[in-house]
Amino acid sequence: NRIHELGGKCLFSGEHGSQGNHIEVYDIASKSGLKYVHSTEAYWVKDRHEQDNTNCHICIIALNSEARQELNYILSIANEDGYYYRPRLDLELILGLNPKDFIVTSACVAGWGYEDADEIWLKIAQHFGENFFFEVQNHNTAKQKELNQHILSLAKEHNIDIICGLDSHYIYEEE
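Bear in mind that the values here come from a model prediction, so they are computed numbers and not experimental data.

K.L.:
What am I meant to see in the packing of aromatic side chains here?
P.N.:
Geometry of an aromatic ring pair is reported as the spacing of the ring centres plus the angle between the planes. Applying the stated criterion across every chain, the model contains eight aromatic pairs. Ring centres of Trp44 and Trp121 lie 5.5 Å apart, and the angle between their planes is 80°; on these two criteria the pair is classed as edge-to-face. Placement of Trp44 in strand 3 (residues 39–45) and of Trp121 in helix 5 (residues 117–128) is noted, with a sequence separation of 77 residues between them. The exposure classification of Trp44 matches that of Trp121, with both residues buried. With 4.8 Å between their ring centres and 90° between their planes, Tyr84 and Tyr85 make a pair best called edge-to-face. Since its relative accessible area comes to 24%, Tyr84 is described here as partly exposed. Put simply, the rings of Trp44, Trp112, Tyr114, Trp121, Phe132 and Phe134 pair up and form one aromatic cluster.

Quick look at the structure:
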């Protein structure tokens, strides 16, 4: 109901580390006249086989049925042989995705946990091309403001589009 109140048109399934309860979300979207979008805000590390608790974030959005299946598959791998505190993807799995079938964003401030995060994101951006977006967010914190400036500079330097994410955890302001 809140999505309709705000004029929204779609409902995403994504949750941290999984694609969420996608069947329930799909049913709700269908019954509510909303477009269902299969996605995740996954955890990623450089190498899922290492004991690395960095657990950066990345948003991955499936654009079609094949992508939905591919996303579910790599999230299963993240749970089977990438699990260390959380189910983790790595660059091998991310860069193995078909770049035409996904939209990928750099997610929130938690996407920048490595010293060489710029180089990693640029590699991911090169792979996904026009389907990759640097994500800025409107959180009133010094860390977010500093990262936003860095992202805008990086995006301009490398001609990469940005997207504004809201990373909202509540649907009503009083919550």
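K.L.:
Before we go on, may I ask you to explain the pattern of salt bridges in this structure?
P.N.:
Close approach of charged atoms allows side chains of opposite charge to pair. Within this structure, the stated rule accounts for five salt bridges. Residue Glu5 is joined to Arg2 by a salt bridge in which the shortest nitrogen-to-oxygen separation is 3.0 Å. With a gap of three residues between them, Glu5 and Arg2 both fall in helix 1 (residues 2–5), about one helical turn apart. Among the residues examined, Arg2 registers a relative accessible area of 23% and is labelled partly exposed. With its nearest N and O atoms 2.9 Å apart, the salt bridge here joins Asp116 to Lys46. Here the residue Asp116 occupies a position in the loop between strand 6 (102–105) and helix 5, and Lys46 occupies one in the loop between strand 3 and strand 4 (56–62), the gap between them amounting to 70 residues. Under the relative-accessibility criterion, Asp116 is labelled partly exposed at 27%. Here Lys46 falls in the partly exposed class, since its relative accessible area comes to 37%.

K.L.:
I keep staring at the sheet that holds strand 5 (residues 88–90) and nothing clicks. Help me out?
P.N.:
To summarise the sheet geometry, strands pair through backbone hydrogen bonds and adopt either a parallel or an antiparallel arrangement. In spatial order, the strands read 5-3-4-6-7-8; together these six strands make up an open sheet with mixed pairing. Two strands lie at the open edges of the sheet, namely strand 5 and strand 8 (162–165), each paired on one side alone. Strand after strand, the sheet turns through a mean of 40° between neighbouring axes, direction not considered. Judged from the two bridges that link them, strand 6 and strand 7 (residues 132–137) form a sheet pairing that is parallel. Note that in strand 7 the partner of Val104 across the bridge is Phe132. The strands that helix 5 touches are strand 3, strand 4, strand 6 and strand 7; relative to strand 7, the one it contacts most, it runs at about 135°.

K.L.:
Mind showing me how you'd approach the state of the cysteines here?
P.N.:
One way to say it: the disulfide is the covalent bond shared by the sulfur atoms of two cysteines. This model, assessed by the stated rule, comprises zero disulfides. Looking at Cys59, it has no disulfide partner, and the nearest cysteine sulfur is the one in Cys108, 7.3 Å off.

K.L.:
Just to check I follow, could you spell out helix 3 (residues 65–80) for this structure?
P.N.:
What sets the pattern is the α-helix's 3.6 residues per turn: residues three or four places apart point alike. Helix length check: helix 3 (16 residues) gives 23 Å between terminal C-alpha atoms against 22 Å at 1.5 Å per residue, within 8%. Looking only at helix 3, the buried set comprises Ala67, Leu71, Asn72, Ile74, Leu75, Ile77 and Ala78. Next to the buried residues of helix 3 lie helix 2 (22–32), strand 3, strand 4, strand 5, helix 4 (91–95) and strand 6. Sitting at the amino-terminal end of helix 3 is Asn64, which places a side-chain oxygen 3.2 Å from the backbone nitrogen of Glu66.

Conventions adopted
- Residues numbered from 1 in each chain as written.
- Predicted model: local features only at pLDDT ≥ 70, side-chain atom pairs only at ≥ 80, totals over all residues.
- Heavy atoms only, no water.
- Phe/Tyr/Trp six-rings, centres within 6.5 Å; stacked < 30°, edge-to-face > 60°.
- Helix = DSSP H or I, 4+ residues; strand = E, 2+ residues; numbered from the N terminus.
- Buried < 20%, exposed > 50% of the residue type's maximum accessible area, 1.4 Å probe, protein only.
- Salt bridge = Lys/Arg side-chain N within 4 Å of Asp/Glu carboxyl O.
- Pairing = 2+ DSSP bridges.
- Axes fitted to C-alpha atoms, helices over the stretch in contact; angles between N-to-C directions.
- Contact = heavy atoms within 4.5 Å.
- Disulfide = S-S within 2.5 Å.
- Expected span 1.5 Å × (residues − 1).
- Polar contact = N/O pair within 3.5 Å; in protein donor to acceptor, adjacent residues only side chain to side chain.

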